[in-house]
Amino acid sequence: MNEMTSSVIRARNPRTGQVDYTCPAFPASGLDALIAGLRAAQPGWVTAGIDGRATVLRAFCTALAARREDLLDALLADTGRLHESRIEADAAGVWVDCWVEVAPRSLDTLPRDTGLAGITGTAGFRPYPVVGVIGPWNFPLALGLMDAIPALVAGCAVILKPSEVTPRFVDVLQAALDEVPALAAIFRVVRGDGALGAAIVDQVDMVCFTGSTRTGRLVARRAAERFIPCFTELGGKDPALVLEGADIDRATSALATGATLGAGQQCYSIERIYVPRSLHDGFVAQLAAKVARLRPNWPDPAQGHIGPITFLPQAEILRRHLDDAIERGARIVTGGAIETHGGGLWCQPTVLTDVDHSMLIMREESFGPFLPVMAYDSLDEAVALANDSHYGLSAAVFGPEEAAQAVARRLDAGGVSINDAGLAPLFIGSPLVPEKTAFNHSGLGGSRTGADSIRRFVRKQAILSNPATGPSPWWFSL
Ligand code: NDP
């Protein structure tokens, strides 16, 4: 596990188990000055306009792309994964282009007729001066930039605090920032622990938080006390429903990936599967055969499929969920072990049957490559089981299009993939897909997707102008 003293972060490498990296933690005592600097620089960033900001952000993306190999090395050491790190490393440029394209339309300030006595209304959009972005360890780069980029395009200054568990990639990000001083003045990345995160929430004008529901609740509470907007994207226990008539070969292939990408350490991972009783045995056999072919990405990170457990305490949660399931009668069809390679821990992708909702593995976020499969007898029962959760991040439905669409509309989940698993995470942060919000305890606040989600970062003004020269009809006659 990472250890932190008041001034140093020591990071464990999940592939070796060794603490092989140290860096200074940003001192909380320096936060006042840092945020004052951001506040001072932000009006100039607004004045640059969207085009000016786009030029600066594109220069940053070029500087980052030139360091792609260093970035991949750092992300590999941080998370233990290469395949997923490539996806992360290539996202920044795409996000900048998308947001720069849609921002002028989403932040359009053309005057409009109000329909009231000739009065015109003009929208005013005033960026929040300083936005705090606090991110988790599982996709450390993407889950920071995903909010930071639209905030910067909107005209905000940003302070980003990634998790202390995955600090290495910040060196590369900072090197790219140093090459673009205009951005470095309004985008600061600081490394530190949860206390630093809490101190940031105490000072910024708006906060975007991605992480656990437990910490999200603390952040939201503090933000409420300060009357600042808070957007939280939190944990999940995402269900997949297989319907009668589904293409079982497709469903099992999609789920074998959708439940194990990132070694299941992603909020949008499929963590429970419901199948009609008549299809159950054949489905489980196919799913288990495919899942058994997934290999750890050891010793060569470019080979295999499953990365190590990034954050050591997570192994304890995985073991507890498995033990609890087995104690309550679940059967492991394939997998079931946490292996040690080098000094790191790899969780085998695990298919289980004979599960029910008394088990932790069906109720609590596991954050691992588990695929528990439960049989159902009616569609109503399947929908009720899928919705029997305090989470509501995403879901998947497999079946004939019309039936699957109808079921999707009954699910308490913000993003629903049909005949695929994990489409929602591919598109989070994208302005090009419909808006979606987290349901239940998976988060609070406006959508991260959709063109208008950039409006999260601005305060809205209604500027109403009366062109009349005579008295207004609602005035007192004086
Ligand atoms: P945590 O909630 O533990 O931490 C998230 C971030 O918050 C870290 O940077 C952490 O710092 C910081 N933090 C800790 N305490 C505080 C505090 N009191 N105030 C402000 N910030 C604080 O989450 P994890 O890092 O463990 O991430 C895993 C969780 O994230 C899972 O539940 C997962 O589902 C969720 N997640 C949600 C996503 C979504 O889009 N919905 C996407 C990805 C993950 P530090 O780590 O340095 O202590």
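As the structure is a computational prediction, the values presented were derived from the model and not from experiment.

On to the side chain of glutamine 42, then. Relative to the elements of secondary structure, glutamine 42 occurs in helix H1 (residues 31–47). A distance of 2.9 Å separates a polar side-chain atom of glutamine 42 from the backbone oxygen of glycine 155. For glutamine 42, the residues in contact, after removing those within four places along its chain, are Pro127, Tyr128, Pro129, Gly155, Cys156, Ala157 and Ile186.

Further remarks concern the domain arrangement of the chain. Here the domain parsing of the chain yields domain 1 (3–234) and domain 2 (238–427). The C-alpha-based centres of domain 1 and domain 2 are spaced at 31 Å. Note on domain 1 versus domain 2: buried area summed over both sides is about 1900 Å², and carbon and sulfur give 58% of it. It is Arg12, Arg15 and Trp137 in domain 1 that bury the most area against domain 2; as a group they hold 35% of the surface buried on that side. Between the two partners, domain 1 and domain 2, sit zero salt bridges. At the junction of domain 1 and domain 2, the tally comes to eight residue pairs in polar contact (both at pLDDT 80 or more). Elements that contribute at least two residues to the side of domain 1 that touches domain 2 include exactly helix H3 (68–79) and helix H4 (83–89). Looking at the side of domain 1 that touches domain 2 residue by residue, the class counts come to seven nonpolar, eight polar and six charged.

Attention now moves to the nonpolar core. If you look at the biggest cluster of nonpolar residues, it comprises 87 residues, and the most contacted ones within it are Val131, Ile159, Leu183, Phe187, Val207 and Phe457. In terms of residue count, helix H6 (residues 142–154) provides more of this core than any other element does, 10 residues in total. When residues of this core are assigned to domains, at least three fall in each of domain 1 (3–234) and domain 2 (238–427). Residues within four places of leucine 183 in sequence aside, it is in contact with Trp45, Val56, Leu57, Phe60, Leu152 and Leu177. Formed by 32 residues, the second largest nonpolar core is a distinct cluster that contains Ile309, Met374, Tyr376 and Val383.

A separate point is the sheet that holds strand S10 (residues 230–233). Taking strand neighbours across the sheet as the criterion, the six strands line up as S8-S7-S6-S9-S10-S20 in an open arrangement whose pairing is mixed. In this open sheet, the two edge strands, each paired with only one partner strand, are strand S8 (187–189) and strand S20 (443–444). Sheet topology note: the strand S6 (residues 130–134)/strand S9 (residues 206–210) ladder contains four bridges and is parallel. Residue pairing for S9: valine 131 is matched across the bridge by methionine 206. Lying on the sheet, H6 is in contact with S6, strand S7 (157–161), S8 and S9; it crosses S6 at an angle near 165°. Running at roughly 160° to S7, helix H9 (residues 194–201) makes contact with S6, S7 and S9 of the sheet.

This paragraph deals with H1. Between its terminal C-alpha atoms H1 stretches 25 Å, which fits the 24 Å expected from 17 residues at 1.5 Å a residue. When the local axis directions of H1 are compared, the greatest deviation, roughly 30°, occurs at alanine 41, which is followed within four positions by the proline proline 43. Positive phi shows up at glycine 49, right after H1, with a value of about 75°.

Around the ligand there are 31 residues in total, and Gly135, Ser163, Ser212, Cys267 and Glu365 lie nearest to it. Glutamate 164 places a polar main-chain atom, nitrogen or oxygen, 2.8 Å from an oxygen atom of the ligand. Contact distances for the ligand include 2.5 Å between an oxygen atom and a side-chain N or O atom of glutamate 365. Burial of the ligand by the protein amounts to 88% of the accessible area it has alone, namely 910 Å². According to the grid-proximity analysis, the pocket containing the ligand is the largest pocket. Mapped onto the shell around the ligand, the elements with two or more residues apiece are H9, S9 and helix H10 (213–226). Taken together, the residues that form the shell around the ligand break down as 14 nonpolar, 11 polar and six charged.

As a volume, the largest pocket reaches approximately 1100 Å³. Elements represented by at least two residues in the lining of the largest pocket include exactly H9, S9, H10 and helix H13 (313–327). If one sorts the elements of the lining of the largest pocket by residue count, H10 sits on top with six residues. Classifying every residue of the lining of the largest pocket by side-chain character gives 18 nonpolar, 13 polar and nine charged. When we break the lining of the largest pocket down by domain, the ones giving at least three residues each are domain 1 (3–234) and domain 2 (238–427). Size it by volume and the second largest pocket reaches roughly 650 Å³. Ile87, Pro425, Leu426, Phe427 and Ile428 are, among the 29 residues lining the second largest pocket, the residues nearest its centre.

Conventions we followed
Residues numbered from 1 in each chain as written. Predicted model: local features only at pLDDT ≥ 70, side-chain atom pairs only at ≥ 80, totals over all residues. Heavy atoms only, no water. Helix = DSSP H or I, 4+ residues; strand = E, 2+ residues; numbered from the N terminus. Polar contact = N/O pair within 3.5 Å; in protein donor to acceptor, adjacent residues only side chain to side chain. Contact = heavy atoms within 4.5 Å. Domains from an automatic or database assignment. Buried area = accessible area lost by both parts, 1.4 Å probe. Salt bridge = Lys/Arg side-chain N within 4 Å of Asp/Glu carboxyl O. Nonpolar A, V, L, I, M, F, W, Y, C, P; charged D, E, K, R; others polar. Core = buried A, V, L, I, M, F, W, Y, C linked by side-chain atoms within 4.5 Å. Buried < 20%, exposed > 50% of the residue type's maximum accessible area, 1.4 Å probe, protein only. Pairing = 2+ DSSP bridges. Axes fitted to C-alpha atoms, helices over the stretch in contact; angles between N-to-C directions. Expected span 1.5 Å × (residues − 1). Bend = angle between axes of the 7 residues up to and from the residue. Near = heavy atom within 4 Å. Areas by Shrake-Rupley, 256 points an atom, 1.4 Å probe, with all protein chains shown as cover. 1 Å grid on protein atoms, 1.4 Å probe; cavity = no way out; pocket = protein on both sides within 12 Å on 5 of 7 lines; lining within 4 Å. Sits in = over half its atoms within 2 Å of the grid points. Points joined across faces, edges and corners; volume = space filled by probe spheres on them.

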